[in-house]
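Chain and residue survey
Read off the chains here:
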Amino acid sequence: MITGKMLKDAFISGANNITNQRQRVDALNVFPVPDGDTGTNMSMSASAAKRELMRVPDDAPVSRAADVCAAALLRGARGNSGVILSLLFRGFSRGLKNLEEAGAEHLVIALENGVDSAYKAVMKPTEGTILTVARVAAETAREALNASMSPQEIWSVIVDAAQKALNETPEMLPVLKKAGVVDAGGQGLLVIFEGMKRVFDGKDAVLLDEEESKQSSSIYPDRNAAGEYEGEITFTYCTEFIILKKETEADPQPLRTYLESIGDCVVVVDDDEIIKCHVHTDNPGNALQKALEYGMLTNMKIENMREQHANQKASVVEPVTDQAFAYAMVDPSRTFGFVAVAAGNGVQQLFHDLGVDNIVSGGQTMNPSTDDILSAVHATPAKTVFVLPNNKNIIMAAEQAAKLADRNVVVLPTRTIPQGLAAMLVFDHDADATENMIAMQKAFERVGTGQITYAARDSEFDGHKIKEGELLALENGKIAFTERDLSKAVIRLTKLLARKDSSFITLLYGEDVSSETAEEIRKAVAAKLPENVEVALINGGQPVYYFMISVE
């Protein structure tokens, strides 16, 4: 049987395995644009779960280990691959609900639940991806299952089936076959399953490679109370705990209100089965006593921040993310609020100028986690919060954050910065949420978006032979052409995007382009367009993209 400790150690082993192999998984990405990369996103997502699992007692039941893993994965999920991974293990935890130990059939049921959760969450599931690998593994395990099988034997079947399904992904997706690679997300899932198998088989867990361990300490270090504050410490004790909900649903709002009355930095996140709480207070006992009214407590941690700050001032460990947002209660007078994901001082200032309350730093190569977005939502004191992901690889994380929020959240599936800006421009304070959602969606769908970046790797994609370092021109997310000259690339792409009725074009130039060069390119673009088309130039300061082009 699989105990709670075995499952805990198995997932930690899987997390270490994907971290050790993240660069190999990253290299399987066939789209040559620099992005967050599948291996890195899955590694960072799994590492968020690993940190929480390390706090789980060894004598905890298997259901507890699965629940902690799923909840932490969901909040730490980055990119589409990380979100799908979290959904797989979310369903997995539901399949192990209320179990002390798990047998072979339990593991099969758990994986089937995970596959079902993941497929339901994806609007248009694509076969030949991580979804296929998980589904085939679950179906094969179900066919092979018999009453005498051990959980170790069934997990071996799952790993073998996942490997076989992964090998078939190039036959399902022509782009993979042409590139001569398997699906990156499927490979990442297999790597995690293989790491888990070592523990189930009674072997030592996979350990972090020395080099990866060094990098991990800087990419996603552990939090500690002393490292959270450089300035004055108002309250002494950093108090964290998880409430295991009673069968009857309880509104956590009174608990949040109480914690705010005895401290600050209050976070109360309500999930299906738990309430996760954090408060800085001088009376941790009072916080725990109040929390007992809502259910049993677990994962309690109380740290003296004054003592730790004094002892560790010389070697402060930074938080997991620099995206610090303070929780704000909903202001009944605030009907609407806004959160946007963006990178670059100029771009972020544009969103602020248009009324966005909180900006989550991120985008291409920097996919924020579900928890990053959730924190920004909870820092926006409005009854309805609109979220603009502005990147196709962040939309799923935003949608998961919306499900965890304690206020109404509307995720507008903006895939680019120009789309997000266009949506904000048409917002009407006198309209209701539904009317605004429809109007904003129509507005961003009308915007043509061009992006000039560079090829991160040699590739052959959509009929284009691409060399690493070449300029890549993207027309509404698809590769239009490659170029060596930046000015020629911007002119050609703008002309492709411009329509007969286009009247306004905005060029956002990035951090690697000087203002002089940008102005020269603006003039060159304007010279190639009809006189009635206005060409505006804005210093976006964005990384990765030399230019972003908005055509209206």
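Quick caveat: nothing in here was measured; it's all calculated off a predicted structure. (Residues numbered from 1 in each chain as written. Predicted model: local features only at pLDDT ≥ 70, side-chain atom pairs only at ≥ 80, totals over all residues. Heavy atoms only, no water.)

**Things to note about the packing of helix 7 (residues 130-144) against helix 10 (residues 184-200)**
- At a closest axis distance of 7 Å, the pairing of helix 7 and helix 10 adopts a crossing angle of 45°. Judged on the interaxial angle alone, helix 10 and helix 7 are oblique. Here Ile130, Val133 and Ala134 of helix 7 come into contact with helix 10, specifically with Gly185, Gly186 and Leu189.
- For the contact of helix 7 with helix 10, the residue count by class is 4 nonpolar, 2 polar and no charged. (Axes fitted to C-alpha atoms, helices over the stretch in contact; angles between N-to-C directions. Helix = DSSP H or I, 4+ residues; strand = E, 2+ residues; numbered from the N terminus. Parallel < 35°, antiparallel > 145°, perpendicular 65-115°, else oblique. Contact = heavy atoms within 4.5 Å. Nonpolar A, V, L, I, M, F, W, Y, C, P; charged D, E, K, R; others polar.)

**Quick word on helix 5 (residues 79-95)**
- The first and last C-alpha atoms of helix 5 sit 25 Å apart over 17 residues, in line with the 24 Å expected at 1.5 Å per residue.
- The element helix 5 is largely enclosed, with a buried count of 15 among its 17 residues. (Expected span 1.5 Å × (residues − 1). Buried < 20%, exposed > 50% of the residue type's maximum accessible area, 1.4 Å probe, protein only.)

**What to know about the sheet that holds strand 9 (residues 448-454)**
- With respect to topology, 6 strands assemble into an open sheet ordered 13-12-9-16-14-15, the strand pairing being mixed. Only two strands of the sheet have a single partner each, and these edge strands are strand 13 (478-483) and strand 15 (534-539). Strand-to-strand twist across the sheet, computed as the mean angle between neighbouring axes with direction ignored, equals 20°.
- In the sheet, strand 14 (residues 504-509) pairs with strand 16 (residues 547-551) via 5 bridges, with the strands oriented antiparallel. Note that in strand 16 the partner of Tyr509 across the bridge is Phe547. (Pairing = 2+ DSSP bridges.)

**A look at unusual backbone geometry**
- Despite not being glycine, Asn98 shows a phi value in the positive range, around 65°.
- When you line up the elements, Asn98 lands in the loop between helix 5 and helix 6 (104-121).
- Judged by relative accessible area, Asn98 falls into the exposed class, the value being 69%.
- A positive phi angle, near 60°, is found at Asn390, a position not held by glycine.
- Structurally, Asn390 can be placed in the loop between strand 7 (384-388) and helix 17 (395-404).

**A word on the side chain of Thr236**
- Take Thr236: it is sitting in the loop between helix 11 (210-219) and strand 1 (237-245).
- Classification of Thr236 as buried rests on a relative accessible area of 13%.
- Apart from residues lying up to four places away in sequence, Thr236 is in contact with Thr281, Asp282, Glu303, Asn304, Met305 and Arg306.

**Some details on the packing of helix 3 (residues 38-53) against helix 4 (residues 62-76)**
- Two elements in contact, helix 3 and helix 4, have axes separated by 8 Å at closest approach and are oriented at 140°. Comparing their axes, helix 4 and helix 3 come out oblique. Of the two possible hands of crossing, helix 3 and helix 4 adopt the one that is right-handed. On the side of helix 3, the interface is formed by Met44, Ser45, Ala46, Ala48, Ala49, Glu52 and Leu53, while helix 4 contributes Ala65, Val68, Cys69, Ala72, Leu73 and Gly76.
- Here the residues of the contact of helix 3 with helix 4 are counted per class, giving 10 nonpolar, 2 polar and 1 charged. (Left-handed = near helix turned anticlockwise from the far one by under 90°.)

**Regarding the nonpolar core**
- By size, the foremost hydrophobic cluster in this structure holds 93 residues, and its most contacted members are Leu7, Phe11, Phe89, Phe193 and Met196.
- Per element, the largest residue contribution to this core is 9 residues, and it comes from helix 10.
- Residues Leu497, Val535, Phe547 and Val551 belong to the second largest nonpolar core, which totals 24 residues. (Core = buried A, V, L, I, M, F, W, Y, C linked by side-chain atoms within 4.5 Å.)

**Some points on the sheet that holds strand 6 (residues 358-361)**
- One open sheet holds the 4 strands; their spatial order is 6-5-7-8, and the pairing between them is parallel. This sheet does not close on itself; its edge strands, each paired only once, are strand 6 and strand 8 (408-411). Sheet twist, expressed as the average angle between the axes of neighbouring strands with direction ignored, equals 20°.
- Here strand 5 (residues 336-342) runs beside strand 7; their pairing, made up of 5 bridges, is parallel. Within strand 7, the position partnered with Gly337 by the bridge is Val385.

**Considering the pairing of strand 14**
- Counted residue by residue, strand 14 has 5 buried out of 6 residues, so it is predominantly covered.
- For the crossover that starts at strand 14, traverses helix 21 (residues 515-527) and ends in the parallel strand 15, the hand is right-handed. (Right-handed = clockwise from strand over helix to strand, strands pointing away.)

**Details of the confidence of the model for the chain**
- Considering every residue of the chain, the mean pLDDT works out to 85; 89% of them sit at 70 or more.
- Of the regions scoring below 50 in pLDDT, residues 217-231 engages in 44 contacts with residues more than four places distant in sequence or in other chains.
- In the predicted structure, residues 312-322 sits below a pLDDT of 50 and forms 20 contacts with residues beyond four places in sequence or in another chain. (pLDDT = per-residue confidence, 0-100.)

**Digging into the packing of aromatic side chains**
- Evaluated as defined, the whole model comprises 11 aromatic pairs.
- Relative to Trp155, the ring of Phe92 has its centre 6.4 Å away and its plane inclined at 85°; by these criteria the two rings are edge-to-face. Pair noted here: Phe92 is in helix 5 and Trp155 is in helix 8 (residues 151-172), with a separation of 63 residues, a long-range link. Accessibility assignment for this pair places Phe92 and Trp155 in one class, buried.
- Aromatic side chains Phe386 and Phe427 sit 6.0 Å apart centroid to centroid with 70° between the ring planes, which places their arrangement in the edge-to-face category. Of this pair, Phe386 sits in strand 7 while Phe427 sits in the loop between helix 18 (417-425) and helix 19 (433-446); the two residues are 41 residues apart in sequence, bridging distant segments of the chain. Like Phe386, the residue Phe427 is buried in the burial classification.
- We note Lys290 situated over the ring of Tyr258; from NZ or CZ to the ring centre the distance is 5.6 Å.
- A cation sits over an aromatic face here: Arg492 above Phe481, 3.9 Å from the ring centre. (Phe/Tyr/Trp six-rings, centres within 6.5 Å; stacked < 30°, edge-to-face > 60°. Lys NZ or Arg CZ within 6 Å of the ring centre and 35° of its normal.)

**Section: a negative patch on the surface**
- A cluster of acidic residues, Asp428, Asp430, Asp432 and Glu435, forms a negative patch at the surface.
- Among the structural elements, Asp428 can be located in the loop between helix 18 and helix 19.
- On the basis of relative accessible area, Asp428 is assigned to the partly exposed category, the value being 35%. (Patch = residues over 30% accessible without salt bridge, like charges linked within 9 Å, V, L, I, M, F, W, Y side chains within 5 Å. Areas by Shrake-Rupley, 256 points an atom, 1.4 Å probe, with all protein chains shown as cover. Salt bridge = Lys/Arg side-chain N within 4 Å of Asp/Glu carboxyl O. Lys, Arg positive; Asp, Glu negative; His and termini not counted. Charge placed at Lys NZ, Arg CZ, Asp CG, Glu CD.)

**Regarding the pattern of salt bridges**
- Evaluated as defined, the whole model comprises 19 salt bridges.
- The salt bridge involving Glu171 is made with Lys177; its shortest N-O contact spans 3.3 Å.
- Glu519 is paired through a salt bridge with Arg522; the nearest N and O atoms lie 3.2 Å apart. Taken together, the residues Glu519 and Arg522, both in helix 21 and 3 residues apart, mark about one turn of the helix.
- What makes Glu519 partly exposed here is its relative accessible area of 27%.
- Residues participating in the shared-partner salt-bridge network are Glu52, Arg55, Glu240 and Lys301.

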